[in-house]
Amino acid sequence: MSSRRSRSRQSSSSRITDDQINDLVSKLQQLLPEIRHTQSDKVSAAKVLQETCNYIRNLHREVDDLSERLSELLATSDTAQAAIIRSLLMQ
Amino acid sequence: MASKSGITLMNSTSSRLRLARTFLRSFSKIKSQTSATTTLSPSSPHLKRQSRRIKMAAYSSMARVAGPRRAWARALLFKLHTRPTHRTLMNTRRGGSTTTPPSSRSDNQVGKLRRLLPGGDRMDVCTLLEETANYIHCLSTQVKVMKAISDHHF
């Protein structure tokens, strides 16, 4: 299974241009709070990727913490669905 | 299941709301199963199991809202369904470095990203970057939704 997939990956990666990669990297940079406002020519691709990994790890940790917090809250109170959706609309 | 594959362009408000609704549905299901059987006892193994269920619900809602067109969403749902313990969600294929292609200048970082993104070990670099951007967007939305819920409990 994996050998078939890696072969198709190799054939498609030969067609990838530097421009495409640069485009995607700068798109990624826009999503990262740490380096969002830095000029893109001042940040290396490696730096963007590193920050991406850090950011994903942070978000995973946040999901962990929030799951814990929500599990503690589960037994105690009601979910006011309408209020939550309203507050999300206001943001 | 609930999401149509035709929807690829989501503006941030509507995707946030769809995610909120999907997650809240799972959340209240978990809640209804809880209150009937157990009384509150903090730091019990029950609480740990509960938070794991919520975490699974969070990732699964995210993946379902993103839709089956997203490779990370497919990989994530597959992982969630085949591994009910969920413990291995983050660390995929630690030792399986045999098929990793030696290419790209920032190889090290790309490899790390592959390990973090669900299904990332099977993508070419362009797909990996594209899927990562979408994954980050969805994941941060999920965090916002969960924060909103926990804030409203107080």
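Residues numbered from 1 in each chain as written. Chains lettered and ligands numbered in written order. Predicted model: local features only at pLDDT ≥ 70, side-chain atom pairs only at ≥ 80, totals over all residues. Heavy atoms only, no water.

The name given to chain B in an unreviewed UniProt entry is Transcription factor IBH1-like, and the organism recorded there is Citrullus colocynthis.

Naming follows an unreviewed UniProt entry, where chain A appears as BHLH domain-containing protein of Citrullus colocynthis. You can read under Subcellular location (unreviewed entry) in the UniProt record for chain A the words "Nucleus". (UniProt positions renumbered as here; feature names shortened; annotations may be inferred.)

Caption draft 1: Focus on the overall build of chain B. If you tally the helices and strands in chain B, you get 5 helices and 0 strands. When burial is assessed residue by residue, chain B has 50% of its 154 residues classed as buried. Within chain B, contacts between residues at least 6 apart in sequence are counted, and of these 64% link residues at least 24 apart. A total accessible area of about 8000 Å² is found for chain B, and carbon and sulfur atoms account for 54% of it. (Helix = DSSP H or I, 4+ residues; strand = E, 2+ residues; numbered from the N terminus. Buried < 20%, exposed > 50% of the residue type's maximum accessible area, 1.4 Å probe, protein only. Contact = heavy atoms within 4.5 Å. Areas by Shrake-Rupley, 256 points an atom, 1.4 Å probe, with all protein chains shown as cover.)

Caption draft 2: Here's a closer look at the nonpolar core. Counting residues in each nonpolar core, the largest one holds 60 residues, and the members touching the most others are B:Phe23, B:Trp72 and B:Leu129. Broken down by secondary-structure element, the contributors of at least two residues to this core are helix H2 (18-30), helix H3 (45-74) and helix H4 (81-90) of chain A together with helix H1 (12-37), helix H2 (45-66), helix H3 (71-82), helix H4 (107-116) and helix H5 (125-152) of chain B. The biggest single contributor to this core is H5(B), with 14 residues. (Core = buried A, V, L, I, M, F, W, Y, C linked by side-chain atoms within 4.5 Å.)

Caption draft 3: Here's a closer look at the interface of chain A and chain B. Chain A puts 49 residues into the contact, and the matching count from chain B is 56 residues. Where chain A abuts chain B, roughly 5200 Å² becomes buried across the two surfaces, and 75% of that area is made up of carbon and sulfur atoms. Counting the contacts that link chain A with chain B gives 2 salt bridges. Residue B:Lys147 pairs with A:Glu62 through a salt bridge whose shortest N-O separation is 2.8 Å. (Buried area = accessible area lost by both parts, 1.4 Å probe. Salt bridge = Lys/Arg side-chain N within 4 Å of Asp/Glu carboxyl O.)

Caption draft 4: Region of the structure containing the packing of H2(A) against H3(A). Residues and elements named next belong to chain A. Relative orientation of the contacting elements H2 and H3 amounts to 45°, with a least axis distance of 10 Å. In terms of orientation, H2 lies oblique with respect to H3. Considering the relative orientation of H2 and H3, their crossing is left-handed. Between H2, through Val25, Leu28 and Gln29, and H3, the contact on the second element is made entirely by Ala45, Val48, Leu49 and Thr52. (Axes fitted to C-alpha atoms, helices over the stretch in contact; angles between N-to-C directions. Parallel < 35°, antiparallel > 145°, perpendicular 65-115°, else oblique. Left-handed = near helix turned anticlockwise from the far one by under 90°.)

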